[in-house]
Every structure is written in C-alpha cells, then in structure tokens.
Amino acid sequence: MATQPASSFYFPAPRAQKFCSQCAAHITYLTPPDDNRLRAVCESCGAVHYQNPRNVVGVLPVWEDKILLCRRGIEPRYDKWTLPAGFMELGETTAQGAMRETQEEAGAQIELGPLYTVIDVPHAEQVHFFYLAQVLSPDLAPGPESLEARFFTEDEIPWPELAFRTVITTLEHYLEDKKHGHFKPGAHPPVHYYEVSLPKRDY
Ligand SMILES: [Zn+2]
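Please read all numbers here as calculations on a predicted model, not as lab measurements.

Engineer: Honestly, the domain arrangement of the protein chain in this entry has me stumped. Any pointers?
Structural biologist: Interface size is often expressed as the accessible area that is lost when the parts come together. When the domains of the protein chain are assigned, the result is domain 1 (17-51) and domain 2 (54-195). For domain 1 versus domain 2, the separation of C-alpha centres amounts to 37 Å.

Rendered as structure tokens:
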C-alpha cells in the first residue's frame, strides 16, 4: 500500500471549494435564484457556500517616540517587517484580535488606543483595521510567527523592507498626523478610511 506523503501547509488559504461541507457532494458554481453572483452551490443538498472578505486586525504600537515592528517568520513576506497584525478569529472583536496578535507576534504589553486606519483591500478580499496602542514596557517576547521584534525611531523605519502596503500607508499616516500634533495629549487622532488597489496577491 502506498504511503501518503506528509501534507504541507500552504498560503493562501484556498477560497475555491470542490466539495459540499454539509454532504460532501461535488460543488457546482451557479447563480442561485434571487441572487446576483456565482456561488459555490451543492445541487445535492441545496447548501450555498457564501464567501466574504476576511478581516485583518492589527496595532500600531508606540513606546516613547519609537514604533514596534516585527520581522515576519512566516509566509507570505517572510523576513519582511510588519506591524503586529493577523486574521481576526471567530468570536472575538476587532480590538480583541488586534491585542491577541500583538501578544502572539511581539509579546508586548500594550494599552489599546483608538481605531486608526480602516483599509479596503478588495483584490486580496480583505479589510484591514489598525488600532493605535501605547506599549507599557520595552520588554518583548516575539512568538514563533516572528523572527524578531524591535522598536524603530522614525528615521530607522525600514521602508523598503516593510511587508504590506497597508502597513506602509498606516505608518505614513501616523508620521504625517504626528507632524501636525494629532497625538498630543487632549488631541483627537483622526481615523483614516481608504482603499489600496494593487495587483492580485500583492497587498
Ligand atoms: Zn451538499
């Protein structure tokens, strides 16, 4: 009997579905009655497998005048620098997810601040949310998804080595708002809502 090779995990998470999750029959792609787009439909049991954008939740953590970044230890963008962020899990709020990701990727103690950027990334089928956060202690303990976590002054930010467009634009907004005094005590930091449009898979 042939032995199965060990399965390897891969990115991205597959969107296309071949079998019904309810009855395991083959999936058909069709537009159901009263719908307006193709869905993964099971003609055997009638289940419609809707697909919707995924939420990525993260934090822009600041310690004194420095920003906390993590060097990615996983694909995609292995070895590139990012703000702590990741896919929201079922049953948590965006704020809880952002704090969890900061703990997992940097091991940083933070006090979560206001929501700061909301970014539509339609080509990647995602919406990204970044919160501002105050780091409470310089002690870091990066988890297995990070090669390294450290603080950067404004001048040290490794722009060409940043992992994602949403991280770059969030940092750009932060530096610009800081210049205009939007983070001074008593000031109300703005929320930035926008869209990034880039070639498929390049977010
Ligand atoms: Zn079915």
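Engineer: I would appreciate a short explanation of the pairing of strand β8 (residues 110-121) in the present structure.
Structural biologist: Within a regular strand, the side chains alternate between the two sheet faces. Relative to strand β9 (residues 126-135), β8 runs antiparallel, the two being bridged by nine bridges. Looking at β9, one finds that Glu111 is bridged to Gln134. If you look at the hairpin formed by β8 and β9, you'll find four residues sitting between the two strands, and Glu125 has a positive phi there, around 60°. Note: β8 against strand β11 (residues 192-195), four bridges, orientation parallel. Bridge pairing links Thr117 to His192 in β11.

Engineer: Explain helix α1 (residues 94-106) here, please?
Structural biologist: Structural remark: α-helix, 3.6 residues per turn; residues separated by three or four positions point the same way. Between its terminal C-alpha atoms α1 stretches 18 Å, which fits the 18 Å expected from 13 residues at 1.5 Å a residue. Every buried residue of α1 is listed here: Gly97, Ala98, Met99, Glu101, Thr102, Glu105 and Ala106. Its buried side turned inward, α1 meets β4 (54-63), β5 (66-72), β7 (85-87), β8, β9 and β10 (146-152). Of the residues flanking the end of α1, it is Gly107, one or two places downstream, whose phi is positive at about 65°.

Engineer: Just to check I follow, could you spell out the sheet that holds strand β2 (residues 39-42) for this structure?
Structural biologist: Note on sheets: strands pair through backbone hydrogen bonds, and any given pair is parallel or antiparallel. A sheet is described by the order of its strands in space; here three strands give the open sequence β1-β2-β3, paired in antiparallel fashion. Each edge of the open sheet carries a strand with a single partner, namely β1 (27-30) and β3 (48-49). Examined bridge by bridge, β1 and β2 share four bridges and lie antiparallel to one another. Among the inter-strand pairings, Thr28 is bridged to a residue of β2, identified as Val41.

Engineer: Which parts of the structure should I look at to understand helix α2 (residues 165-179)?
Structural biologist: Given a rise of 1.5 Å per residue, 15 residues ought to cover 21 Å, and the 21 Å separating the end C-alpha atoms of α2 matches this to within 8%. Here α2 has its buried residues at Thr166, Val167, Thr170, Leu171, His173 and Tyr174. For α2, the arc enclosing every buried residue in end-on projection is 160°, short of the 170-degree limit, so these residues lie on one face. Pointing more than 90 degrees away from the buried face of α2 are the exposed residues Leu175, Glu176 and Lys179. Its buried side turned inward, α2 meets β4, β6 (81-82), β8, β9 and β11.

Engineer: Looking at this model, I keep getting lost on the environment of Glu195. Mind explaining?
Structural biologist: Here Glu195 shows up in strand β11. The exposure class assigned to Glu195 is exposed, which follows from the 11 C-beta atoms found within 10 Å. When the C-alpha positions of Glu195 and Val121 are compared, they lie 6.0 Å apart, and in sequence the two are 74 residues distant. Setting aside residues up to four positions removed in sequence, Glu195 forms contacts with Ile119, Asp120 and Pro122.

Engineer: Honestly, the nonpolar core in this entry has me stumped. Any pointers?
Structural biologist: Side chains of nonpolar character tend, in soluble globular proteins, to be buried together. If you look at the biggest cluster of nonpolar residues, it comprises 35 residues, and the most contacted ones within it are Val59, Leu60, Leu68, Leu83, Phe130, Tyr131 and Ala133. Elements represented by at least two residues in this core include exactly β4, β5, α1, β8, β9 and α2. The dominant element in this core, judged by the number of residues it contributes, is β9, at seven residues. What Val59 contacts, discounting residues up to four positions off in sequence, is Leu83, Pro84, Ala98, Thr102, Ile110, Phe130, Tyr131 and Ala133.

The rules we used
- Residues numbered from 1 in each chain as written.
- Predicted model: local features only at pLDDT ≥ 70, side-chain atom pairs only at ≥ 80, totals over all residues.
- Domains from an automatic or database assignment.
- Pairing = 2+ DSSP bridges.
- Helix = DSSP H or I, 4+ residues; strand = E, 2+ residues; numbered from the N terminus.
- Expected span 1.5 Å × (residues − 1).
- Buried ≥ 20, exposed ≤ 12 C-beta atoms within 10 Å, placed from the backbone.
- Contact = placed C-beta atoms within 7 Å.
- Arc of directions from axis to C-beta.
- Core = buried A, V, L, I, M, F, W, Y, C linked by C-beta atoms within 7 Å.

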